[in-house]
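Spelled out, the chains give:
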Amino acid sequence: MTVTIVGSQLGDEGKGALVDIWGGDSDVVVRYQGGDNAGHTVVHDGTEYKLSLVPSGAVRGKVGVLGNGCVVNPETLFDELDTLREQGLDPDVRIARRAHVILPYHRVIDGIEEEAKSDDDLAAGTTGRGIGPTYEDKAGRRGIRIGDLLDPDVLRERLEYAVPQKRTLAQEAYGLDVATSEHADAFDVDHLFETYRAYGKRLAEESMTVNAGEFLTAKLDAGDELLFEGAQGTSIDIDHGIYPYVTSSNPTAGGAAVGSGVAPTVVGGGEVVGIVKAYLSRVGTGPLPTELDGTDSEEELADFIREKGGEFGTVTGRPRRIGWLDMPMLRHAARANGFTGIAVNHIDVLAGLDEISVGHAYDLDGEELLTMPATTERWGRCDPVLKSFEPWDEVDWSAVAVEGYDAIPDNAQAYLDYISAEVDAPIYAIGVGPGRDETVVLDNPFEQ
Ligand code: GDP
Ligand code: IMO
Ligand code: MG
């Protein structure tokens, strides 16, 4: 069977922690979209592993697959693999030959386009990893795929077509004097050919490339369990998120099928688990109706949560914006993904506050909405209709993790019951701290 883990909000919900826990019961962990814009943290035996591209199951020694829906920067990939090996792990990672390659010019264009958009408030606050420009080339049928790195003739032909276009774009549209800039190599066909050919050789030598759909289906046929590890989150999905402040892929559960080559009937026949952070965090730009930023006391509260929750971007180090839980956003996620269960993380971070609120609904021009409007302009005009919850005290969360659900403070249980009822899905796990042991696991999706 398959279990698909999806971010329910704006990314950084703590997906890595749950993939690590349930990955223990799987045989293969699959990323189906995104690239090294993701930052998934796994804390195991006091060691913190930060994974951007390598599926989080690597920490458990599981086979990791980067599906065709991913965009792969080979430089980051090999750096990350080398770091994990230095940390004593032996990751076994396979990459779809259909996955697209992030090239240096994609990163350069990501940076200059964000700068150009910033005058009009359209910048998404990207991670600068070249994600959007690479997906653009994929859709524009001028991308370079992992399989192309293994074939020198194809690689050269594709580069000779794409690079002059990119050079013209950078020079004519954005005024970058490519030849004299520090980015000259990023637009040099010969340099790119040599560098990416070498990556291709390494991928071939280490037998890392696969036909992902066939590889994964054969695993399923052999009785293996598959865990799909979503990156980012539903509200930054290119179709279902807060466009244009989104990433360029489909983190939603449908993406698991398209981005891996495993049939939708198989993915849909399995479990889809939404990962929920007990409040909101956001690294990018755009509106955020429940953001805590209006008054000094709200900002103080946001600072407290940010510090306590360590809310600084894993990839970029940027301080994350903080808000109350947004229930219309969660209802939207539950519908778009069809959650069979949820995990709620970070309830420890909210402990000890004087007040806890939730955006239960939105007020848009006097009308009450229970789910997100389809345009971000309308979403930005929504005022949250807040619902208050009795706060819960700080407790020894490690002890709670050992004792289980009944040890969770009553008021926190009421908060969890409310979330579960509103999204109409049972709670499979509750995060009470960053470590693998600091999770109260109620159900295992592989045993449903
Ligand atoms: P991901 O991108 O969804 O995998 O999440 P990140 O790793 O970017 O961010 C989540 C952060 O919260 C990481 O530092 C985790 O170690 C940490 N974390 C995960 N679950 C919990 C939890 O329940 N409580 C606390 N305090 N931290 C958590
Ligand atoms: P994980 O997997 C949170 C955000 C960026 C920006 C927008 C587009 O760790 O949850 P991109 O570089 O993808 O073109 O940026 O998406 N973003 C994330 N926010 N968590 C992530 O990943 C993110 N990956 C991208 O901040 O607003
Ligand atoms: Mg993250």
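Rules and cut-offs
- Residues numbered from 1 in each chain as written.
- Chains lettered and ligands numbered in written order.
- Predicted model: local features only at pLDDT ≥ 70, side-chain atom pairs only at ≥ 80, totals over all residues.
- Heavy atoms only, no water.
- Helix = DSSP H or I, 4+ residues; strand = E, 2+ residues; numbered from the N terminus.
- Contact = heavy atoms within 4.5 Å.
- Areas by Shrake-Rupley, 256 points an atom, 1.4 Å probe, with all protein chains shown as cover.
- Lys, Arg positive; Asp, Glu negative; His and termini not counted.
- Charge placed at Lys NZ, Arg CZ, Asp CG, Glu CD.
- Near = heavy atom within 4 Å.
- Polar contact = N/O pair within 3.5 Å; in protein donor to acceptor, adjacent residues only side chain to side chain.
- Nonpolar A, V, L, I, M, F, W, Y, C, P; charged D, E, K, R; others polar.
- Pairing = 2+ DSSP bridges.
- Donors = N, O, S within 2.8 Å, 3.2 Å for Na, K, Ca; no water.
- Buried < 20%, exposed > 50% of the residue type's maximum accessible area, 1.4 Å probe, protein only.
- Domains from an automatic or database assignment.
- Buried area = accessible area lost by both parts, 1.4 Å probe.
- Salt bridge = Lys/Arg side-chain N within 4 Å of Asp/Glu carboxyl O.
- Axes fitted to C-alpha atoms, helices over the stretch in contact; angles between N-to-C directions.
- Phe/Tyr/Trp six-rings, centres within 6.5 Å; stacked < 30°, edge-to-face > 60°.
- Lys NZ or Arg CZ within 6 Å of the ring centre and 35° of its normal.

Participant: Lay out the overall build of the chain in plain terms, naming residues and giving numbers.
Facilitator: Within the chain, the regular secondary structure consists of 14 helices and 20 strands. Its C-alpha atoms give the chain principal-axis dimensions of roughly 65 × 55 × 40 Å. Considering only contacts within the chain whose residues lie at least 6 apart along the sequence, 76% involve residues at least 24 apart. For the chain, the exposed surface amounts to about 17900 Å²; the carbon and sulfur share of it is 45%. With 37 positive and 79 negative side-chain charges, the chain shows a separation of 8 Å between the mean positions of the two kinds.

Participant: Before we move on, could you go through the site of ligand 2 and cite the residues and values that matter?
Facilitator: Every one of the 22 residues lining ligand 2 counts as a neighbour, but Lys15, His40, Ala124, Thr127 and Thr247 are closest to it. The backbone of Gly39 places a nitrogen or oxygen atom 2.9 Å from an oxygen atom of ligand 2. Take Gly125: an N or O atom from its main chain is 3.1 Å from an oxygen atom of ligand 2. Taken by itself ligand 2 offers 550 Å² of open surface, and the protein chains cover 98% of this. For the shell around ligand 2, a count of residues per class yields eight nonpolar, 10 polar and four charged.

Participant: So, the pairing of strand β3 (residues 40–44): which residues are in play, and what are the values?
Facilitator: Inspection of the sheet shows β3 paired to strand β4 (residues 47–51) by five bridges, in the antiparallel sense. In the sheet register, His40 faces β4, and the bridge partner there is Leu51. The turn joining β3 and β4, which pair antiparallel and follow one another in sequence, is formed by two residues; a positive phi near 50 degrees is taken by Asp45.

Participant: Could you give me a rundown of the coordination of the magnesium ion (ligand 3), with the residues and numbers involved?
Facilitator: Distances from the magnesium ion (ligand 3) to its protein donors, Asp12 (OD) and Gly39 (O), fall within 2.0 to 2.1 Å. Here Asp12, found in the loop between β1 (2–7) and α1 (15–23), pairs with Gly39, found in the loop between β2 (28–31) and β3; they are 27 residues apart in sequence, far enough to count as distant. Note on Gly39: relative accessible area 10%, which makes it buried.

Participant: Any details on the domain arrangement of the chain? Residues and values, ideally.
Facilitator: Segmentation of the chain into domains returns domain 1 (2–97 + 210–271), domain 2 (101–203) and domain 3 (276–435). Computed over C-alpha atoms only, the centres of domain 1 and domain 2 are separated by 24 Å. Looking at the side of domain 1 facing domain 2, the largest losses of area belong to Val71, Phe78 and Arg97, adding up to 29% of the total buried there. Taken together, domain 1 and domain 2 are joined by three salt bridges. The partner of Arg107 in a salt bridge is Asp36, with the nearest N and O atoms 3.3 Å apart. Counting the contacts that link domain 1 with domain 2 gives six residue pairs in polar contact (both at pLDDT 80 or more). Looking at the side of domain 1 that touches domain 2, the elements that each hand over two or more residues are β6 (71–72), α2 (74–86) and β7 (92–96). For the side of domain 1 that touches domain 2, the element with the highest residue contribution is α2, accounting for six residues. Here the residues of the side of domain 1 that touches domain 2 sort into 10 nonpolar, 11 polar and five charged.

Participant: Quick rundown of the side chain of Asp36? Include the residues and the values.
Facilitator: With respect to the element layout, Asp36 can be found in the loop between β2 and β3. Within polar-contact distance, the side chain of Asp36 engages the side chain of Arg107 at 3.3 Å. Setting aside its immediate chain neighbours within four residues, Asp36 contacts Ser52, Leu53, Asn73, Thr76, Ile102, Arg107, Arg129, Ile131 and Val315.

Participant: Outline the site of ligand 1, supporting the account with residue identities and numerical values.
Facilitator: In the neighbourhood of ligand 1, 18 residues make up the surrounding shell, with Lys15, Gly39, Thr41, His346 and Asp348 lying closest. In the model, an oxygen atom of ligand 1 is placed 2.8 Å from a nitrogen or oxygen of the His346 main chain. In the environment of ligand 1, a nitrogen atom lies 2.7 Å from a nitrogen or oxygen atom belonging to the side chain of Asp348. Here ligand 1 has 590 Å² of accessible area as a free molecule, and 93% of this is covered by the chains. Of all the secondary structure elements, the ones that give two or more residues to the shell around ligand 1 are α1 and β3.

Participant: Tell me what's going on with the sheet that holds strand β5 (residues 63–66), and back it up with residues and numbers.
Facilitator: Reading across the sheet, the 10 strands line up as β9-β7-β5-β2-β10-β1-β11-β15-β19-β20 and stay open at both edges, with mixed pairing between neighbours. Each having just a single partner strand, β9 (209–210) and β20 (439–441) make up the two edges of the open sheet. Relative to strand β15 (residues 341–345), strand β11 (residues 271–277) runs parallel, the two being bridged by five bridges. Each residue of the ladder has a partner; that of Lys277, found in β15, is Asn345. Sitting on the sheet, α1 touches β1, β2, β10 (226–229), β11, β15, β19 (427–431) and β20, and the angle it makes with β1 is about 165 degrees.

Participant: Before we move on, can you summarise the packing of aromatic side chains with the specific residues and values?
Facilitator: By the definition in use, this model includes eight aromatic pairs. Judged by centre distance (5.2 Å) and plane angle (85 degrees), the ring pair of Phe389 and Tyr415 falls under edge-to-face. Pair noted here: Phe389 is in strand β18 (residues 383–389) and Tyr415 is in helix α14 (residues 410–423), with a separation of 26 residues, a long-range link. According to the relative accessible area criterion, Phe389 is buried, its value standing at 12%. An aromatic cluster of at least three residues, connected via ring pairs, comprises Phe389, Trp392, Tyr415 and Tyr418. Positioned above the aromatic ring of Phe193, the side-chain terminus of Arg156 is 4.4 Å from the ring centre.

Participant: Tell me what's going on with the environment of Pro391, and back it up with residues and numbers.
Facilitator: Inspection of the secondary structure assignment puts Pro391 in the loop between β18 and α13 (397–403). Looking at Pro391, the relative accessible area reads 25%, which means it is partly exposed. Residues contacting Pro391, with those up to four places away along its chain left out, are Leu353, Asp354, Ile356 and Asn411.

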